[in-house]
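Results of the structural survey
In case you want the letters, here they are:
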Amino acid sequence: MSGTRVLVAGASIAGPALAHWLRRRGAEVTVVERAPELRPGGQAVDARGVTKEVIRRMGLDAAVRAACTQTIGAHTVDADGNVLETFRVDDDGGDGFIAEIEILRGDLSQVLYDDTRDGVEYIFGDRIAELTQDADGVDVGFAGGDRRRFDLVIGADGLHSALRTMVFGPHEQFVRHLGHVLAFYSVPNEFGLDRWLIEYQESGRSAGLRPIQDATRAMAMFSFPAADLDVDYRDVAAQKHLLRERIGGLGWLTPGILAHLDDTPDFYLDQVAQVVMDRWSSGRVGLLGDAAFSSSPMSGQGTGLALVGAYLLAGELAAAGWDPAAGFAAYEGRMRSFVEANQEIAQLNARSRDVPGPDTEPGPDFTGEWFAELVERAINGVELPDYAGVPDAGAPAGTPIASSARP
Ligand SMILES: Cc1cc2nc3c(=O)[nH]c(=O)nc-3n(C[C@H](O)[C@H](O)[C@H](O)COP(=O)(O)OP(=O)(O)OC[C@H]3O[C@@H](n4cnc5c(N)ncnc54)[C@H](O)[C@@H]3O)c2cc1C
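Rules of the game
- Residues numbered from 1 in each chain as written.
- Predicted model: local features only at pLDDT ≥ 70, side-chain atom pairs only at ≥ 80, totals over all residues.
- Heavy atoms only, no water.
- Pairing = 2+ DSSP bridges.
- Helix = DSSP H or I, 4+ residues; strand = E, 2+ residues; numbered from the N terminus.
- Domains from an automatic or database assignment.
- Contact = heavy atoms within 4.5 Å.
- Buried area = accessible area lost by both parts, 1.4 Å probe.
- Salt bridge = Lys/Arg side-chain N within 4 Å of Asp/Glu carboxyl O.
- Polar contact = N/O pair within 3.5 Å; in protein donor to acceptor, adjacent residues only side chain to side chain.
- Nonpolar A, V, L, I, M, F, W, Y, C, P; charged D, E, K, R; others polar.
- Expected span 1.5 Å × (residues − 1).
- Axes fitted to C-alpha atoms, helices over the stretch in contact; angles between N-to-C directions.
- Parallel < 35°, antiparallel > 145°, perpendicular 65-115°, else oblique.
- Left-handed = near helix turned anticlockwise from the far one by under 90°.
- 1 Å grid on protein atoms, 1.4 Å probe; cavity = no way out; pocket = protein on both sides within 12 Å on 5 of 7 lines; lining within 4 Å.
- Points joined across faces, edges and corners; volume = space filled by probe spheres on them.
- Buried < 20%, exposed > 50% of the residue type's maximum accessible area, 1.4 Å probe, protein only.
- Near = heavy atom within 4 Å.
- Areas by Shrake-Rupley, 256 points an atom, 1.4 Å probe, with all protein chains shown as cover.

**Digging into the sheet that holds strand S18 (residues 285-287)**
- The six strands lie next to each other as S7-S2-S1-S11-S18-S17, forming an open sheet whose pairing is mixed. Two strands lie at the open edges of the sheet, namely strand S7 (121-124) and strand S17 (281-282), each paired on one side alone.

And the structure:
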């Protein structure tokens, strides 16, 4: 069946990436985003291993590389700025701590949106208010008043997914907190930052600065421990207040960075949390990206999972002739262990930041062979079928899908 109508909720990373692949496989795609426009902001996100192959198959390699941060490495420093450790971009073949492809989340979102905006219907400033499914389709009522019918609905609406709550149950059932909060916002580069990321850690809290393409600015990053804290993820003023309170007194360049909290054009703060679900679909409704399987920023792979998942979800649905049960099952079958490896890495990273106490387990030993194997699974542990025989309307010229990337 061609012309399958798919509604996607969320236009950040997973949503537009899925729109790209659904359109190429012959579906008619509508994306609804709650924000009035594409949301800027966020830290750099990385593309490693198999994710780079998905970007290549999307024909977006050049566009993504052109928008990269061009970071050449990272230093951890003491309170006086003396270097403690150094990581370079070419460590681990470009797939290390600082990946060869690092792009600001907002810039990647823009690249994906620009790529799809002509063949996809985007609706900003609206959201799904209600939804009823029957054997043949899904009736959707939008908050703005429209009512429409779709064949499939996919939630790519992030960690706090409203669609997940609507169809699968309350947030608390699926969200696993890792005990930390992260915040990012851009500041003027009055700190002499030059293509090196710098991070300072003190008693479980950290402050950092990351270079971005615009050398006159830098991305500030903070983390602090917070077990199960309930942050209102839409109340930016309260989040800034919380950050000031929890980061106050931290050494290094922290006061100078905090001084820009009120004049920054972008701000992101959220709990480090994962989403763990038994299944990522129910009837004609499926989930993708953070909504289904957030691995948290501590994995460094949330974007990779969203991009790889988008490729597989569209491919499997189309390969199954748009049969939701078969398509969603095949997508889950391919993705699950890849997701689990990334969630395990994030849990280990979060544990290594915990402040040691009398009852704390010893931190993980990252030098063991088991860890290298886990990282390999987290970066490359998923097969990308080439879906030969499945319609591919918009394959970019010169980049045929020639082979399957295998673990
Ligand atoms: C502004 C912002 C900044 C971020 N910064 C970082 C960062 O610095 N580091 C990091 O590792 N990760 C960050 N993330 C998360 C990161 O983008 C994801 O981990 C990953 O890329 C997977 O993306 P996603 O598209 O599944 O989810 P998300 O990127 O969370 O996107 C979800 C999208 O859905 C929209 N949305 C929410 N509710 C609804 C609704 N009811 N209806 C319609 N749309 C809805 C949101 O506005 C958002 O655009 C950020 C996300 C956002 C939105």
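**Notes on the domain arrangement of the chain**
- Splitting the chain by domain gives domain 1 (5-68 + 104-175 + 276-380) and domain 2 (177-272).
- Spacing between the C-alpha centres of domain 1 and domain 2 amounts to 25 Å.
- At the interface, 21 residues of domain 1 touch 22 residues of domain 2.
- Carbon and sulfur atoms supply 62% of the area that domain 1 and domain 2 bury against each other, a total of about 1,900 Å² over both sides.
- When residues of domain 1 are sorted by the area they lose upon contact with domain 2, Gln43, His160 and Arg353 head the list and together hold 34% of the total.
- Linking domain 1 with domain 2 are zero salt bridges, by the criterion used here.
- At the junction of domain 1 with domain 2, the criterion picks out four residue pairs in polar contact (both at pLDDT 80 or more).
- The element that contributes the greatest number of residues to the side of domain 1 that touches domain 2 is helix H10 (residues 324-353), accounting for four residues.
- Here the residues of the side of domain 1 that touches domain 2 are counted per class, giving twelve nonpolar, six polar and three charged.

**Topic: helix H11 (residues 369-380)**
- Here H11 is twelve residues long and its end C-alpha atoms lie 16 Å apart, about the 16 Å a rise of 1.5 Å per residue gives.
- The elements touched by buried residues of H11 are helix H2 (50-57) and H10.

**Quick look at the packing of helix H1 (residues 14-24) against helix H4 (residues 105-116)**
- Where H1 meets H4, the axes come as close as 9 Å, and the angle between the chain directions of the two elements is 30°. Considering their axes alone, H1 and H4 lie roughly parallel with respect to each other. Like other packed secondary-structure pairs, H1 and H4 cross with a definite hand, here left-handed. Residue-level contacts link Pro16, Ala17, Ala19, His20 and Arg23 of H1 to Leu112, Tyr113, Asp115 and Thr116 of H4.

**Focus: empty space enclosed by the protein**
- Inspection of every chain in the model, using the stated rule, returns one cavity of 30 Å³ or more.
- Of the volumes computed, that of the largest cavity is approximately 40 Å³.
- If you go around the largest cavity, the residues you meet are Val45, Asp46, Ala47, Thr51, Ile55, Val64, Ile103, Leu108, Thr303 and Leu307.
- Of all elements in the fold, only strand S3 (44-47), H2 and helix H9 (302-319) reach the threshold of two or more residues within the lining of the largest cavity.
- When residues in the lining of the largest cavity are grouped by element, the largest group, three residues, is from S3.
- The residue makeup of the lining of the largest cavity, split by class, is seven nonpolar, two polar and one charged.

**Some remarks on the environment of Leu269**
- Here Leu269 is to be found in strand S16 (residues 268-275).
- Leu269 gets classed as buried once you look at its relative accessible area, which sits at 3%.

**A look at the site of the ligand**
- Lining the immediate environment of the ligand, one finds 27 residues, of which Ser12, Ala14, Glu33, Gln43 and Asp290 sit closest.
- In the model, a nitrogen atom of the ligand is placed 3.2 Å from a nitrogen or oxygen of the Arg34 main chain.
- Between the ligand and Arg39 there is a distance of 2.9 Å, counted from an oxygen atom to a side-chain nitrogen or oxygen.
- Computed on the free molecule, the ligand has an accessible area of 910 Å², of which 92% lies beneath the protein chains in the complex.
- Broken down by secondary-structure element, the contributors of at least two residues to the shell around the ligand are strand S2 (28-33) and H9.
- Among the elements that line the shell around the ligand, the one with the most residues is H9, at three residues.
- Here the shell around the ligand is built from residues that sort into eleven nonpolar, nine polar and seven charged.

**Things to note about the pairing of S16**
- Buried residues dominate S16, accounting for seven of its eight residues.
- When strand S12 (residues 175-188) meets S16, the two strands line up antiparallel, connected through seven bridges. Each bridged residue has a counterpart across the sheet, and for Leu182 the counterpart in S16 is Asp270.

**Quick notes on the sheet that holds strand S13 (residues 196-202)**
- Pairing is mixed across the open sheet formed by seven strands, whose spatial order is S5-S4-S13-S14-S15-S12-S16. Of all the strands in the sheet, the pair left with one neighbour each is strand S5 (83-88) and S16. Here the strands of the sheet are splayed against their neighbours by 20° on average, with no regard to which way each runs.
- Direction of pairing for S12 relative to strand S15 (residues 217-225): antiparallel, over a ladder of nine bridges. Bridging across to S15, Val187 finds its partner in Ala218.
- This element, helix H6 (residues 236-247), spans S12, strand S14 (205-211), S15 and S16 of the sheet and lies at about 70° to S15.
- This element, H10, spans S12, S13, S14, S15 and S16 of the sheet and lies at about 75° to S12.

**Topic: the pattern of salt bridges**
- Following the criterion strictly, the structure yields 18 salt bridges and no others.
- For Glu332, the salt bridge goes to Arg336, with nearest N and O atoms at 3.1 Å. In this pair, Glu332 and Arg336 both sit in helix H10, four residues apart, roughly one turn of the helix.
- By relative accessible area, Glu332 is classed as buried at 11%.
- On the accessibility criterion, Arg336 (23% relative accessible area) is partly exposed.
- Counted as one network, the salt bridges with shared partners bring together Glu53, Arg56 and Arg57.

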